[in-house]
Amino acid sequence: MDRLRIAILAPVWFAVPPIGYGGIEWIVSLLADGLVDAGHDVTLFASGDSKTKAKLSSVFDVAPSLLIGQAETELRHALACFARADEFDVVHDHSGPPAAAVGGAVATPVVHTVHGPLDGVAGELYERIARVAPDVGLISISLNQRKPKPDLPWVANIPNALDFSLYPCKPHRGDYLLFLGRMSADKGAHRAIAVAMETGIPLKLAGKRNEPQEHDYFAEYVEPHLVDGIEYLGEVTHGQKVELLQNARATLFPIEWEEPFGLVMIESMACGTPVIATRRGAVPEVIEHGRSGIVVEDYREMPAALEAADGIDPWECRHFVEERFAPERMVGEYVDVYRDAIKRSRSR
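A brief report on the enclosed structure follows. (Residues numbered from 1 in each chain as written. Predicted model: local features only at pLDDT ≥ 70, side-chain atom pairs only at ≥ 80, totals over all residues. Heavy atoms only, no water.)

### Describing the side chain of Thr108
1) Next: Looking at where Thr108 falls in the secondary structure, it is placed in the loop between helix 3 (97-102) and strand 5 (110-113).
2) Next: A polar contact of 2.7 Å, which involves the side chain of Thr108, links it to the backbone oxygen of Ala85.
3) Next: The residues touching Thr108, leaving out its near neighbours within four places in the chain, are Ala85, Asp86, Phe88, Asp89, Val90 and Val91. (Helix = DSSP H or I, 4+ residues; strand = E, 2+ residues; numbered from the N terminus. Polar contact = N/O pair within 3.5 Å; in protein donor to acceptor, adjacent residues only side chain to side chain. Contact = heavy atoms within 4.5 Å.)

### Comments concerning the sheet that holds strand 9 (residues 203-206)
1) Next: Strand order in the open sheet formed by six strands is 10-9-8-11-12-13, and the pairing between neighbours is parallel. Either end of the sheet is taken by a strand with one partner, and the two such strands are strand 10 (230-232) and strand 13 (293-296). Strand after strand, the sheet turns through a mean of 20° between neighbouring axes, direction not considered.
2) Next: As defined by bridge partners, strand 8 (residues 177-180) adjoins strand 11 (residues 250-253) across two bridges and the pair is classed as parallel. If you follow Leu178 over to strand 11, its bridge partner there is Thr251. (Pairing = 2+ DSSP bridges. Axes fitted to C-alpha atoms, helices over the stretch in contact; angles between N-to-C directions.)

### Some words on the packing of aromatic side chains
1) Next: Considering all chains together, one arrives at six aromatic pairs under this definition.
2) Next: Taking 5.9 Å as the distance between ring centres and 85° as the angle between the ring planes, the aromatic pair formed by Phe261 and Phe325 counts as edge-to-face. Residue Phe261 is located in the loop between strand 11 and helix 8 (263-270), and its partner Phe325 is located in the loop between helix 11 (314-324) and helix 12 (327-347); the two are separated by 64 residues in the primary sequence. As far as the burial class goes, Phe261 and Phe325 line up, both buried.
3) Next: With a centroid separation of 6.3 Å and an interplanar angle of 20°, the aromatic rings of Tyr334 and Tyr338 are classed as stacked. Of this pair, Tyr334 and Tyr338 are both found in helix 12, four residues apart, which corresponds to roughly one turn of the helix. For the residue pair Tyr334 and Tyr338, the accessibility class agrees, reading buried in each case.
4) Next: Each member of the aromatic cluster is reached from another via a ring pair, and the members are Phe261, Phe320 and Phe325.
5) Next: Directly above the ring of Tyr176 sits Lys204, whose terminal nitrogen or CZ lies 5.1 Å from the centroid.
6) Next: Residue placement shows Arg209 over the ring face of Phe218; its charged tip is 4.2 Å from the ring centre. (Phe/Tyr/Trp six-rings, centres within 6.5 Å; stacked < 30°, edge-to-face > 60°. Buried < 20%, exposed > 50% of the residue type's maximum accessible area, 1.4 Å probe, protein only. Lys NZ or Arg CZ within 6 Å of the ring centre and 35° of its normal.)

### Things to note about the sheet that holds strand 4 (residues 90-93)
Strands pair in a sheet through their backbones, by hydrogen bonds, and they do so in one of two ways: parallel or antiparallel.
1) Next: With respect to topology, seven strands assemble into an open sheet ordered 3-2-1-4-5-6-7, the strand pairing being parallel. A strand with exactly one partner marks an edge of an open sheet, and here the two such strands are strand 3 (55-57) and strand 7 (154-157). Neighbour-to-neighbour, the strand axes of this sheet turn through a mean angle of 25°, independent of strand direction.
2) Next: Two elements, strand 1 (residues 5-9) and strand 2 (residues 41-45), share five bridges in a ladder whose sense is parallel.

### Details of the layout of surface pockets
1) Next: A volume near 310 Å³ is recorded for the second largest pocket.
2) Next: For the lining of the second largest pocket, the element with the most residues is helix 1 (residues 23-37), which contributes seven residues. (1 Å grid on protein atoms, 1.4 Å probe; cavity = no way out; pocket = protein on both sides within 12 Å on 5 of 7 lines; lining within 4 Å. Points joined across faces, edges and corners; volume = space filled by probe spheres on them.)

### Some remarks on empty space enclosed by the protein
1) Next: Using the criterion set out here, one finds two cavities of 30 Å³ or more in the structure.
2) Next: Volume-wise, the largest cavity comes out at about 40 Å³.
3) Next: Of all the secondary-structure elements, those providing two or more residues to the lining of the largest cavity are strand 5 and helix 12.
4) Next: By residue class, the composition of the lining of the largest cavity is four nonpolar, one polar and three charged.
5) Next: In terms of lining residues, the second largest cavity is bounded by Phe45, Ser57, Ser58, Val59, His77 and Ala80. (Nonpolar A, V, L, I, M, F, W, Y, C, P; charged D, E, K, R; others polar.)

### Remarks on the side chain of Glu74
1) Next: With respect to the helices and strands, Glu74 occurs in helix 2 (residues 71-82).
2) Next: For the buried Glu74, no salt bridge is present, and the opposite-charge side chain at shortest range is Arg76, 13 Å distant.
3) Next: In this view, Glu74 contacts Trp13, Ser95, Gly96 and Pro98; residues no more than four positions away in its chain are not counted. (Lys, Arg positive; Asp, Glu negative; His and termini not counted. Salt bridge = Lys/Arg side-chain N within 4 Å of Asp/Glu carboxyl O.)

### Points about the environment of Leu125
1) Next: Looking at the secondary structure, you find Leu125 in helix 4 (residues 120-132).
2) Next: Put simply, Leu125 and Ala101 are 24 residues apart on the chain and 9.8 Å apart in space, counted from C-alpha to C-alpha.

### Remarks on the pattern of salt bridges
1) Next: For the structure on display, the rule yields 23 salt bridges.
2) Next: Measuring nitrogen to oxygen at the nearest pair gives 3.1 Å for the salt bridge that ties Lys149 to Glu127. One end of the pair, Lys149, is in the loop between strand 6 (137-140) and strand 7; the other, Glu127, is in helix 4, and 22 residues separate them in sequence.
3) Next: Take Lys149: its relative accessible area is 17%, and that puts it in the buried class.
4) Next: Since its relative accessible area comes to 31%, Glu127 is described here as partly exposed.
5) Next: Taking the shortest distance from any N to any O, the salt bridge between Arg249 and Asp310 comes out at 2.6 Å.

### Comments concerning helix 11
1) Next: Inspection of helix 11 places Pro314, Cys317, Arg318, Phe320 and Val321 among the buried residues, and these make up the whole buried set. The buried residues of helix 11 occupy one face: seen down the axis, they fall within an arc of 160°.
2) Next: Lining the buried residues of helix 11 we find helix 8 and helix 9 (283-286).
3) Next: Capping the start of helix 11 is the job of one residue whose side-chain oxygen sits 2.9 Å from the backbone nitrogen of Trp315: Asp313. (Arc of directions from axis to C-beta.)

Here you go:
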């Protein structure tokens, strides 16, 4: 059983890898390609405009981004994978709760990576899924993510990883602050703006602004302050994002929610740029305070933290993420989970 037949079910809404927004899709792409490189037989269920080393199977020729959240679209995509479940040794779902529930209906072992938060409605939903599909093993991406629901059927905690070849390190101190994230209050673009206004340092903001609530937030809390060196660049391409990260003085991560992981942090550190982040969610698991970034209790402490961030060695940032968030580590840990799931299935 050295060579596994693995089905990976990606979210359907964006191509794999994504052109712009899409943190989950980057992880799915890295995992699928890494599994192929490791010698496994991998089929990726994703939109037809995806690019992968795995075999690609799709219901939609182009990612149906405009239909995001539509249950029928999501289920058509998921069912196309589970209808072929007996062709695989294991199915690994990244697409969301509906597919996790459907996974309980097939004989093939299914594992499901939880990419979102588990407070509120989402946590209650996963509790219900665990009751009707108890054999679907859940995988967290940070230990903090589990806190609202520690008793779900967790089988592993596997942090995300990064393809370092796509994030060259550029060790120098930039002259602006950077915020990358969707235009949402919990991500904290308005708090990054407050830091820039207090310090007088230019700020570049980039991130998704597609949904109605994102437009409303932007119009009220961001747009009025786009003056005096504070600029919004929209949703940037990967290449533009890397250049922004490489040339920033520091990346601000002023979240006020329980962020399950925060890929932006390791992207920044890989480019040699320290992160200044509030101690929420997975931040203490992703940043080593004083080595790869600065962790503060409140965003109001960020201006004072800049001096400490300036003292962080860019190459030390890079070495830190290479140690903790290598794709080989992530791929190996997922393979261990697959083998355990197969053993459990055979023993039932």
